[in-house]
4 protein chains.
Amino acid sequence: MKYGITGASGRMGRELLEVFGPDDCVATVSLEDEAVLDRPEVMVDFSRPEALERTLGICREYRSALVLGTTALEERHFDALAELARTVPVVQGYNFSMGIGLLKMVLRDYSTALDDWDVEICETHHVHKVDAPSGTAILLKDAVGRDCPTHSLRLGGVPGDHSVSFANEGEVLSFGHRALSRKVFAMGAYRAARFALDSEPGLYDFEEVVRCALKR
Amino acid sequence: MKYGITGASGRMGRELLEVFGPDDCVATVSLEDEAVLDRPEVMVDFSRPEALERTLGICREYRSALVLGTTALEERHFDALAELARTVPVVQGYNFSMGIGLLKMVLRDYSTALDDWDVEICETHHVHKVDAPSGTAILLKDAVGRDCPTHSLRLGGVPGDHSVSFANEGEVLSFGHRALSRKVFAMGAYRAARFALDSEPGLYDFEEVVRCALKR
Amino acid sequence: MKYGITGASGRMGRELLEVFGPDDCVATVSLEDEAVLDRPEVMVDFSRPEALERTLGICREYRSALVLGTTALEERHFDALAELARTVPVVQGYNFSMGIGLLKMVLRDYSTALDDWDVEICETHHVHKVDAPSGTAILLKDAVGRDCPTHSLRLGGVPGDHSVSFANEGEVLSFGHRALSRKVFAMGAYRAARFALDSEPGLYDFEEVVRCALKR
Amino acid sequence: MKYGITGASGRMGRELLEVFGPDDCVATVSLEDEAVLDRPEVMVDFSRPEALERTLGICREYRSALVLGTTALEERHFDALAELARTVPVVQGYNFSMGIGLLKMVLRDYSTALDDWDVEICETHHVHKVDAPSGTAILLKDAVGRDCPTHSLRLGGVPGDHSVSFANEGEVLSFGHRALSRKVFAMGAYRAARFALDSEPGLYDFEEVVRCALKR
């Protein structure tokens, strides 16, 4: 798959390069510059909102699909995505981990059967993480569908653990997820790129990529 | 709910008495004897196959529903259950934990999305448990739908832990269950009894009780 | 070992009876009453401060050793214990779990080597527990020797889990303890009773019982 | 600290460079070649036995201390190390994780107090690991001091988890370690280098580095 990366020199950019394969990278975009060697089938952007305009420009010019993991998007960004999605497939998401995607679905499907159980959420991340609880913990709480205590541990270099524990008088049922490294998000991006290349033009959420994996 | 117990003096019988409430127990059955003070709406039997005939006799005489958790049942026992189920609701199962019931469903629903992940099962039980892997571990492996390594730890007085862990290069997704005591099975039996009293005559698996909880 | 129990009809009293063996129980004491069939070698009291006077009376009369797990003791109680300890061995403690006793020692011995690691404590107890953090969590934090975030989960019927996790950029080291039931404290009391019968008169902390196990 | 690396281009070499700081690297050694810009205070070698002779040559020429994490060493290698250790400090070890070092000490110190508890070891590593149980699991079993069941899970990209669980009828005590990445060993090597620079000439085991951290 010939692809392009926005922000290839950042930490996430390097992970993307490794997972997608450095030899197939035909376009690199940064805030200041861009270099296009060949038509990218898909552009992958996990950088910053300021870079989005340049990425969109490439997508329009080369009819490239788009996989977008940039956070802090505003309404005008979504307007631009909707516009692009008329002509190419666009996959957007805030967490590209397959495991978290599945966990959200499991919780949404099964939480009603557990509504007379207690439930609490724990998340552990490296000490450099400034927000607490993590965005993913909030998203899991939404999937549980009711308010529940959430505990945030900040310990060393832990990439990211999440657990949702349900219990009643007699038993404990727990769902856990552990990111081993940033690579997990690059792997999700790759799966999203494959999904995009098989899809009609349109704006897709990463959850549709996960759901698609379920149907196989 | 007026109910009767077969094997009330055993360890599981005492748990059932506590969960169902000792005051509503109107019938007790043992291998040698039976005492019926009033019509039981439901009979609960978690004892031994040899006691089943007496339990069935009470169910027939009083048109009592039946919740049966006895293991090592043979074909002739199932024939007798099917016969009884023409006139009253019968709930049969080998593991009356709601959590394990839900876990089986989750694994059945989501394992296909995880078929390119590695998977292993761990179970920990008290040292008095003679079989390994546990029946529940086998049942979880069936729900996963493919062969996977299973590890059995035998440690002190642990009532019963099970975990199913999926992983790929970037993440680990795990599903865990922990029984806190035998009480969990008595609680499942109580839920099954409630289910039976709301149901038409017929032979039900405990999973239908779990599924019913999902629909609320 | 011929022994007596104060508060034999309470939940902890019944656990003590089961672990010490009901046949060897020669004395029972309650707030209102006492019954002594034979000289108890040791009295075991895990009841309430109000009952202590009666327990002490028996110890004095029969020269019985004392194992005391009652909490909320006041200074005057300790004065009375010191007085009794001149003539018989007295073992006093607030947590009679061997595992927690060992964990405290490990933390005290090794925390200095971990003082540039992050550390956090998690404890999970049943929803009926009113205090948070648990007394045991506080005691573990003391053993760590520095302030650290403590998370309290209240979930169903969990008897009591504690974990102390240390981490730096590259690794996580964790110490965990899980009570399987109230029985663990009765087992610790039994060990303390054996220790008392082998000891000179004096006032001992439960930690000395644990330390003694280390020396074997 | 001015240092040199043998095998700087390998995966472990790159971790060492990042932890020690690329700017202070004054010497690089490979099987075929060597480049020395300045006198290295310490040489760090986590490569292969075949490279040891070149590393030793540099240490002799520049009176550099040595931190050696190479495995599969033979007797003749140890003879050469002993010879070098007459003139400079040499730290040798097979696992440079501080956490595993501490865990070994804890287990050695406290296992006797737990000799009537059951004990089992679990380790989880990535699927590329060929040996099972892991060398570290064997080393932990030695520290426990008695034979115990060991379970090896091979799951996705897990860098390395180890747990030692003790249990009796009433409680479970567990010691767990989790490597977050290869970086943990580079951090241990750095600590060993600091230790070497503060030490007299001699041959030291990595455990002495850990023990030294305990004494602070």
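Note that the structure is predicted; figures quoted are calculated from it, not measured.

Peer 1: It is not clear to me how the overall build of chain A should be interpreted in this structure. Could you clarify?
Peer 2: Counting its regular elements, chain A contains 7 helices and 11 strands. Computed over its C-alpha atoms, the radius of gyration of chain A comes to 19 Å, within 12% of the 17 Å expected for a compact globule of 216 residues. Seen along its three principal axes, the alpha-carbon backbone of chain A occupies a region of about 60 × 35 × 30 Å. Expressed as a percentage of the 216 residues in chain A, the buried residues total 56%. At a minimum sequence separation of 6, the contacts of chain A that also span at least 24 residues come to 63%. Approximately 9,100 Å² of chain A is accessible, and the part contributed by carbon and sulfur atoms is 48%. The positive charge centre, built from 24 side chains, and the negative charge centre, built from 34, are 4 Å apart in chain A.

Peer 1: So what exactly am I meant to see when it comes to the state of the cysteines here?
Peer 2: Cysteine pairs can be covalently joined through their sulfur atoms, and such a bond is termed a disulfide. For the coordinates displayed, the defined rule picks out 0 disulfides over all chains. Just so you know, Cys25(A) is unpaired, no disulfide at all, and the nearest cysteine sulfur is the one on Cys59(A), 13 Å from it.

Peer 1: Please explain the sheet that holds strand β9 (residues 161-167) of chain B as it appears in this structure.
Peer 2: Within a sheet, each strand pairs with its neighbour through backbone hydrogen bonds, oriented either parallel or antiparallel. Strand order across the open sheet formed by 8 strands is β8(A)-β7(A)-β9(A)-β10(A)-β10(B)-β9(B)-β7(B)-β8(B), with mixed pairing between neighbours. The strands lining the two open edges of the sheet, one partner per strand, are β8 (150-154) of chain A together with β8 (150-154) of chain B. Between one strand axis and the next, the sheet turns through 15 degrees on average, direction left out of account. Bridging between strand β7 (residues 118-125) of chain A and β8(A) involves 5 bridges; their strand directions are parallel. Bridge pairing in β8(A) places Ile121(A) opposite Thr150(A).

Peer 1: Would you explain the relation of the copies chain A and chain B in this entry?
Peer 2: Related by rotation about an axis and a shift along that axis, the two copies of the chain form a pair. In the superposition of chain A on chain B (RMSD 0.1 Å, axial shift 0.0 Å), the rotation amounts to 180 degrees. Such values leave the two copies arranged in the relation of a two-fold axis. The position closest to the rotation axis in chain A is occupied by the C-alpha of Phe175(A), lying 2.4 Å away. Interface overlap between copies: 100% of the residues of chain A at the interface are likewise at the interface in chain B, consistent with a symmetric, same-surface contact.

Peer 1: Looking at this structure, how should I read the side chain of Asp45(A)?
Peer 2: All names here are of chain A. Of note, Asp45 is situated in strand β4 (residues 42-45). One buried charge, Asp45, has no salt-bridge partner; the nearest side chain with opposite charge is Arg48, at 9.2 Å. At 2.8 Å, the side chain of Asp45 forms a polar contact with the side chain of Thr55. Excluding residues within four positions of it along the chain, Asp45 makes contact with Thr6, Ala51, Leu52, Thr55, Leu66, Val67, Leu68, Gly69 and Thr70.

Peer 1: Mind showing me how you'd approach helix α5 (residues 135-144) of chain C here?
Peer 2: In an α-helix, one turn spans 3.6 residues; hence positions three or four apart end up facing the same way. Residue and element names in this part refer to chain C. Taken together, the buried positions of α5 are Thr136, Ala137, Leu140, Ala143 and Val144. Along the axis of α5, the buried positions cluster into a sector of 115 degrees, meaning they face one direction only. Of the surrounding secondary structure, the elements contacted by the buried residues of α5 are α4 (98-110), β7 (118-125), β8 (150-154) and β9 (161-167). Trailing α5 by a residue or two, Gly145 shows a phi angle of about 90 degrees, which is positive.

Peer 1: So what exactly am I meant to see when it comes to the UniProt feature "domain: Dihydrodipicolinate reductase N-terminal" (unreviewed entry) in chain A here?
Peer 2: Using the residue numbers shown here, the UniProt feature "domain: Dihydrodipicolinate reductase N-terminal" (unreviewed entry) corresponds to residues 28-96 of chain A. End C-alpha to end C-alpha, residues 28-96 of chain A measures 21 Å, and it is 30% helix and 25% strand.

Peer 1: Whenever I open this one, the domain arrangement of chain A confuses me. Can you help?
Peer 2: Bring the parts together and some accessible area is lost; that lost area is often taken as the interface size. All names here are of chain A. For chain A, the assigned domains read domain 1 (3-96 + 183-215) and domain 2 (98-178). Each of domain 1 and domain 2 was reduced to a C-alpha centroid, and the two centroids are 28 Å apart. In this complex, domain 1 contributes 9 residues to the contact, which on the side of domain 2 involves 8 residues. For the pair domain 1 and domain 2, the summed buried surface comes to about 780 Å²; carbon and sulfur atoms form 67% of the total. At the surface where domain 1 touches domain 2, the tally comes to 2 salt bridges.

Peer 1: When you look at the pattern of salt bridges in this model, what are you seeing that I'm missing?
Peer 2: Between side chains of opposite charge, a pair can form when the charged atoms approach closely. A complete count under the given rule lists 59 salt bridges over all chains for this structure. Across the pair Arg191(B) and Asp116(A) runs a salt bridge whose closest N-O atoms are separated by 3.1 Å. Of the two residues, Arg191(B) sits in helix α6 (residues 183-197) while Asp116(A) sits in the loop between α4 (98-110) and β7, which places them in two different chains. Take Asp116(A): its relative accessible area is 46%, and that puts it in the partly exposed class. The shortest N-O distance in the salt bridge between Asp38(D) and Lys2(D) comes to 2.8 Å. Here the residue Asp38(D) occupies a position in the loop between β3 (34-36) and β4 (42-45), and Lys2(D) occupies one in the segment before β1 (3-6), the gap between them amounting to 36 residues.

Peer 1: Where do I start with helix α3 (residues 75-84) of chain B in this structure?
Peer 2: All names here are of chain B. Residues His77, Leu81 and Leu84 constitute the buried set of α3. Summarising the axial view, the buried residues of α3 lie within an arc of 60 degrees, below the 170-degree limit, and thus occupy one face. Relative to its buried face, α3 has exposed residues pointing more than 90 degrees away, namely Glu75 and Arg76. Buried residues in α3 make contact with α2 (52-62), β5 (65-68), β6 (89-92) and β11 (202-205).

The rules behind these values
Residues numbered from 1 in each chain as written. Chains lettered and ligands numbered in written order. Predicted model: local features only at pLDDT ≥ 70, side-chain atom pairs only at ≥ 80, totals over all residues. Heavy atoms only, no water. Helix = DSSP H or I, 4+ residues; strand = E, 2+ residues; numbered from the N terminus. Rg over C-alpha atoms; globule rule 2.2 N^0.38 Å. Buried < 20%, exposed > 50% of the residue type's maximum accessible area, 1.4 Å probe, protein only. Contact = heavy atoms within 4.5 Å. Areas by Shrake-Rupley, 256 points an atom, 1.4 Å probe, with all protein chains shown as cover. Lys, Arg positive; Asp, Glu negative; His and termini not counted. Charge placed at Lys NZ, Arg CZ, Asp CG, Glu CD. Disulfide = S-S within 2.5 Å. Pairing = 2+ DSSP bridges. Axes fitted to C-alpha atoms, helices over the stretch in contact; angles between N-to-C directions. Least-squares fit on C-alpha atoms with pLDDT ≥ 70 in both. Salt bridge = Lys/Arg side-chain N within 4 Å of Asp/Glu carboxyl O. Polar contact = N/O pair within 3.5 Å; in protein donor to acceptor, adjacent residues only side chain to side chain. Arc of directions from axis to C-beta. UniProt positions renumbered as here; feature names shortened; annotations may be inferred. Domains from an automatic or database assignment. Buried area = accessible area lost by both parts, 1.4 Å probe.

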